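Below, each chain spelled out in residue letters.
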Amino acid sequence: MSSSSIMGPGRHANLLRVWFLAAALWNLAGALPGLIDPSGMFEREFGRALTDPVQVAIYRGAWGTALLYGLGFLIVARDPARHSGIVVMGGLGKTLFAANLAYMHLSGWTSWFAIVVILGDIVFVGVFALYFMRLRRRGVALL
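The following paragraphs examine the structure supplied in this document. (Residues numbered from 1 in each chain as written. Predicted model: local features only at pLDDT ≥ 70, side-chain atom pairs only at ≥ 80, totals over all residues. Heavy atoms only, no water.)

## Considerations on the packing of helix α3 (residues 38-46) against helix α4 (residues 53-78)
And step 1. Relative to each other, α3 and α4 sit at 85 degrees, their axes nearing to 9 Å. For the element pair α3 / α4, the angle class is roughly perpendicular. Facing Pro-38, Ser-39, Met-41, Phe-42, Glu-45 and Phe-46 of α3, the residues of α4 in contact are Val-56, Tyr-59, Arg-60 and Trp-63.
And step 2. When grouped by side-chain class, the residues that make up the contact of α3 with α4 number 7 nonpolar, 1 polar and 2 charged. (Axes fitted to C-alpha atoms, helices over the stretch in contact; angles between N-to-C directions. Helix = DSSP H or I, 4+ residues; strand = E, 2+ residues; numbered from the N terminus. Parallel < 35°, antiparallel > 145°, perpendicular 65-115°, else oblique. Contact = heavy atoms within 4.5 Å. Nonpolar A, V, L, I, M, F, W, Y, C, P; charged D, E, K, R; others polar.)

Here's what the structure looks like:
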C-alpha cells in the first residue's frame, strides 16, 4: 500500500510532506547557526555570553541533535506513513525541549528569542499529533 493511500487523498499526503519539510527546515535553521557559532546562538537565546569551552561543546552538541532531527524530518517528508518512529523521536524531543525552554523562560533565564523557539516547536508538535491521529484512524501501526 502506498504512502498516499495510507495517509489519505493525495492532497493530505502532500500537505503532510510539506509540514515535515517545514519541520526539517525549522530544525536546520537553528542547528546550522548553533553548530557554526554556538556562543552567538547562546547569546541570542539567553541574553548573555557563553565563554566556558566545556559549555560551548555541550551547547554545540545540543544543536547537533537538532540537526539530526532535521535530517530525520527530511526522511519523513519523503514517505510520512513509513517513518512514524522518526516522528515519535523528533516529536518527543521537541516536546521536552519546548517544555524545558519554557521553564527556563519563566524562570527569567532566557531572552525573548526563546519564545519564538518554544512557539515554533509547539506548532510542530501539534502537527505531529494530527499526523498520528490520521495514521491511527486509517489503521496504520504507529511503530
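## Some thoughts on the packing of aromatic side chains
And step 1. The full count for this structure, using the stated rule, is 13 aromatic pairs.
And step 2. A centroid spacing of 6.5 Å and a plane angle of 35 degrees characterise the contact between Phe-20 and Phe-73, whose relative ring orientation is tilted. One end of the pair, Phe-20, is in helix α2 (residues 10-36); the other, Phe-73, is in helix α4, and 53 residues separate them in sequence. Pair check on accessibility: Phe-20 and Phe-73 agree, each one buried. (Phe/Tyr/Trp six-rings, centres within 6.5 Å; stacked < 30°, edge-to-face > 60°. Buried < 20%, exposed > 50% of the residue type's maximum accessible area, 1.4 Å probe, protein only.)

## Re the packing of α2 against α4
And step 1. Running from N to C, α2 and α4 cross one another at 160 degrees; their axes reach a closest spacing of 7 Å. As the angle between them shows, α2 and α4 are arranged roughly antiparallel. When you trace α2 past α4, the crossing you get is left-handed.
And step 2. By residue class, the composition of the contact of α2 with α4 is 17 nonpolar, 5 polar and 3 charged. (Left-handed = near helix turned anticlockwise from the far one by under 90°.)

## Considering helix α6 (residues 113-137)
And step 1. Compared with an ideal rise of 1.5 Å per residue, which puts 25 residues at 36 Å, α6 spans 37 Å between its outermost C-alpha atoms and is within 8% of the ideal.
And step 2. Those residues of α6 lying buried are Ala-114, Val-117, Ile-118, Gly-120, Asp-121, Phe-124, Val-127, Phe-128, Tyr-131, Phe-132, Arg-134 and Leu-135.
And step 3. Phi turns positive, to about 75 degrees, at Gly-139, one or two residues after α6. (Expected span 1.5 Å × (residues − 1).)

## Describing α2
And step 1. The end-to-end C-alpha distance of α2 is 38 Å, a good match for the 39 Å that 27 residues give at a rise of 1.5 Å each.
And step 2. The complete set of buried residues in α2 reads Ala-13, Leu-16, Phe-20, Ala-23, Ala-24, Asn-27, Leu-28, Gly-30, Ala-31 and Gly-34.

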